[in-house]
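Observations on the model geometry
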Number of protein chains: 2
Amino acid sequence: MSQNETAPASDHVIHSTFTLERTYPQSPARVFFANSDKAMKRRWFVEGEGWEIDSYTLDFRVGGLEASRFRFQGGPEITYDAVIQDIVKDKRIVFAYRMSVAGNPISVSLSTIELVPAGAGTLMRYTEQGTYFGDPNAPAGREHGSRELLEKLAEELARAG
Amino acid sequence: MSQNETAPASDHVIHSTFTLERTYPQSPARVFFANSDKAMKRRWFVEGEGWEIDSYTLDFRVGGLEASRFRFQGGPEITYDAVIQDIVKDKRIVFAYRMSVAGNPISVSLSTIELVPAGAGTLMRYTEQGTYFGDPNAPAGREHGSRELLEKLAEELARAG
């Protein structure tokens, strides 16, 4: 999207926003907990088959950091570094995060989680306002990956009861 | 924009993106410096007639903080807290920031500054991906205020030579 056509790919900046919605049978308080408790969030957000987790931490307060270092099937190190930006208990979480692969920045995003009561359950609305460097396919890939994470959250909520 | 019509105004979340462009006669290196040097950025970014600056700090590195506390004509305290997210010298700066007025969060934004050579000068492209709480007029106000800041930057660049 950069107008500087002679720049290397990593100089190209793409801005893209998507919103996903997923309804869970659990209460807003449970869904909020799954997004704010370090042990529970680690299980659905970073763990998974084929993923090696070198580190994960979450300091859930405004200004607090969430960070992870991980690899997929022995591949290059991926870094995730977030800062919690806004918290409304059981209703809203906003965080900004950057990612890199093998030391190269690939994106910075602003994510908003909104939790809305839906019967006895919860409508979770996830909006990601992303800034991507270089790869024109990155926004679609991020949306796909985020959709998968919402399904992993469903499994973790069902498992935790 | 929240679908929960019974929620108080501050629960409503508005996502909005705008891009501004401004050409400066100074080089990308000068415009980058004006966006990264603490003393110079303070002059155009927070100082101004009617504004009382209680504090300003900038630690310009990825993960570093920029923060200010200020008031307009004796009004309530306004807080600005940014984290630098990406730096490509003389080309790009990405930062995420949150603002509050009188202790109430009003927005979180992801800002991208792109600097593109334009003759002997610089095209600065400023994109802000914003998340606003409650006020439906906030996105238009932010765009207006950002346009004014690009003009203040022009004055500071001309003054500094």
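Scoring rules and cut-offs
Residues numbered from 1 in each chain as written. Chains lettered and ligands numbered in written order. Predicted model: local features only at pLDDT ≥ 70, side-chain atom pairs only at ≥ 80, totals over all residues. Heavy atoms only, no water. Helix = DSSP H or I, 4+ residues; strand = E, 2+ residues; numbered from the N terminus. Rg over C-alpha atoms; globule rule 2.2 N^0.38 Å. Buried < 20%, exposed > 50% of the residue type's maximum accessible area, 1.4 Å probe, protein only. Contact = heavy atoms within 4.5 Å. Lys, Arg positive; Asp, Glu negative; His and termini not counted. Charge placed at Lys NZ, Arg CZ, Asp CG, Glu CD. pLDDT = per-residue confidence, 0-100. Least-squares fit on C-alpha atoms with pLDDT ≥ 70 in both. Arc of directions from axis to C-beta. Pairing = 2+ DSSP bridges. Axes fitted to C-alpha atoms, helices over the stretch in contact; angles between N-to-C directions. Phe/Tyr/Trp six-rings, centres within 6.5 Å; stacked < 30°, edge-to-face > 60°. Lys NZ or Arg CZ within 6 Å of the ring centre and 35° of its normal.

1. Structural notes on the overall build of chain A
When helices and strands are counted, chain A shows three helices and seven strands. N-terminal to C-terminal, the α/β element order of chain A is β-α-α-β-β-β-β-β-β-α. Its C-alpha radius of gyration of 16 Å places chain A within 12% of the 15 Å reference for a compact globule of 161 residues. Summarising its shape, the C-alpha atoms of chain A cover approximately 55 × 30 × 25 Å along the three principal directions. Across the 161 residues that make up chain A, the buried fraction comes to 49%. Across chain A, contacts joining residues at least 24 apart in sequence account for 47% of those joining residues at least 6 apart. Separation of charge centres in chain A, based on 18 positive and 22 negative side chains, amounts to 7 Å.

2. Quick look at the confidence of the model for chain A
Residue and element names in this part refer to chain A. Mean pLDDT over chain A works out to 93, with 94% of the residues at or above the 70 mark. Confidence over residues 1–9 falls short of pLDDT 50; this stretch has 18 contacts with residues more than four positions distant or in other chains. Quick note on the complex model: pTM equals 0.93, ipTM equals 0.92.

3. Some points on the relation of the copies chain A and chain B
Of the transformation superimposing chain A on chain B, the axial component is 0.0 Å and the angular component is 180 degrees, with the fit at an RMSD of 0.0 Å. As the rotation angle and translation indicate, the two copies are arranged about a two-fold axis. Of the residues that chain A buries at the interface, 100% are likewise interface residues in chain B, meaning the two copies contact each other through the same surface.

4. Some points on helix 2 (residues 38–45) of chain B
Residue and element names in this part refer to chain B. Looking only at helix 2, the buried set comprises Met40, Lys41, Trp44 and Phe45. The buried side chains of helix 2 occupy one side of the element, clustering within an arc of 110 degrees when seen end-on. Residues of helix 2 that are buried sit in contact with helix 1 (28–36), strand 2 (51–58), strand 3 (65–72), strand 4 (78–88) and helix 3 (138–160).

5. Quick notes on the pairing of strand 4 of chain B
All names here are of chain B. Burial analysis of strand 4 places nine of its 11 residues in the buried class, the great majority of the element. Direction of pairing for strand 3 relative to strand 4: antiparallel, over a ladder of six bridges. Its bridge partner lying in strand 4, Phe70 is registered against Ile78. Connecting strand 3 to the antiparallel partner strand 4 that follows it, the hairpin turn spans five residues, and Gln73 within it adopts a positive phi of roughly 50 degrees. Alignment of strand 4 against strand 5 (residues 92–101), held across 10 bridges, turns out to be antiparallel. Along strand 5, the bridge assignment pairs Asp81 with Arg98.

6. Comments concerning the sheet that holds strand 6 (residues 104–118) of chain B
Residue and element names in this part refer to chain B. Read across the open sheet, the seven strands follow the order 1-7-6-5-4-3-2; overall the sheet is antiparallel. This sheet does not close on itself; its edge strands, each paired only once, are strand 1 (13–24) and strand 2. Pairwise comparison of adjacent strand axes, ignoring direction, gives a mean angle of 15 degrees for this sheet. As paired strands, strand 2 and strand 3 are joined by seven bridges and run antiparallel to one another. When the sheet's bridge partners are listed, Ser55 is paired in strand 3 with Arg69. Sheet contacts for helix 3: strand 1, strand 5, strand 6 and strand 7 (121–133); angle to strand 1, the most-contacted strand, approximately 25 degrees.

7. As for unusual backbone geometry
Residues and elements named next belong to chain A. The phi dihedral of Gln73 is positive, around 50 degrees, even though this residue is not glycine. Even without a glycine there, the phi angle at Asp90 is positive, about 65 degrees. Structurally, Asp90 is set in the loop between strand 4 (78–88) and strand 5 (92–101).

8. A few points about the packing of aromatic side chains
All names here are of chain A. Taken as a whole and judged by the stated rule, the model has 16 aromatic pairs over all chains. Ring centres of Trp51 and Phe70 lie 5.7 Å apart, and the angle between their planes is 65 degrees; on these two criteria the pair is classed as edge-to-face. Taken together, the residues span a long stretch of sequence, with Trp51 in strand 2 (residues 51–58) and Phe70 in strand 3 (residues 65–72) at a distance of 19 residues. Residue class for Trp51 comes out partly exposed when judged on its relative accessible area of 37%. Put simply, the rings of Trp44, Phe45, Tyr80, Phe95 and Tyr97 pair up and form one aromatic cluster. If you follow Lys41 out to its NZ or CZ, it ends over the ring of Phe95, 4.9 Å from the centre.

9. Remarks on the sheet that holds strand 4 of chain A
Residue and element names in this part refer to chain A. Spatially, seven strands are ordered 1-7-6-5-4-3-2 in an open sheet, and the strand pairing comes out antiparallel. Only two strands of the sheet have a single neighbouring strand rather than two, namely strand 1 (13–24) and strand 2. Strand-to-strand twist across the sheet, computed as the mean angle between neighbouring axes with direction ignored, equals 15 degrees. Together, strand 2, strand 3 and strand 4 form the strand contacts of helix 2 (residues 38–45), whose direction differs from that of strand 2 by roughly 150 degrees. Relative to strand 1, helix 3 (residues 138–160) is tilted by about 25 degrees, and along the sheet it contacts strand 1, strand 5, strand 6 (104–118) and strand 7 (121–133).

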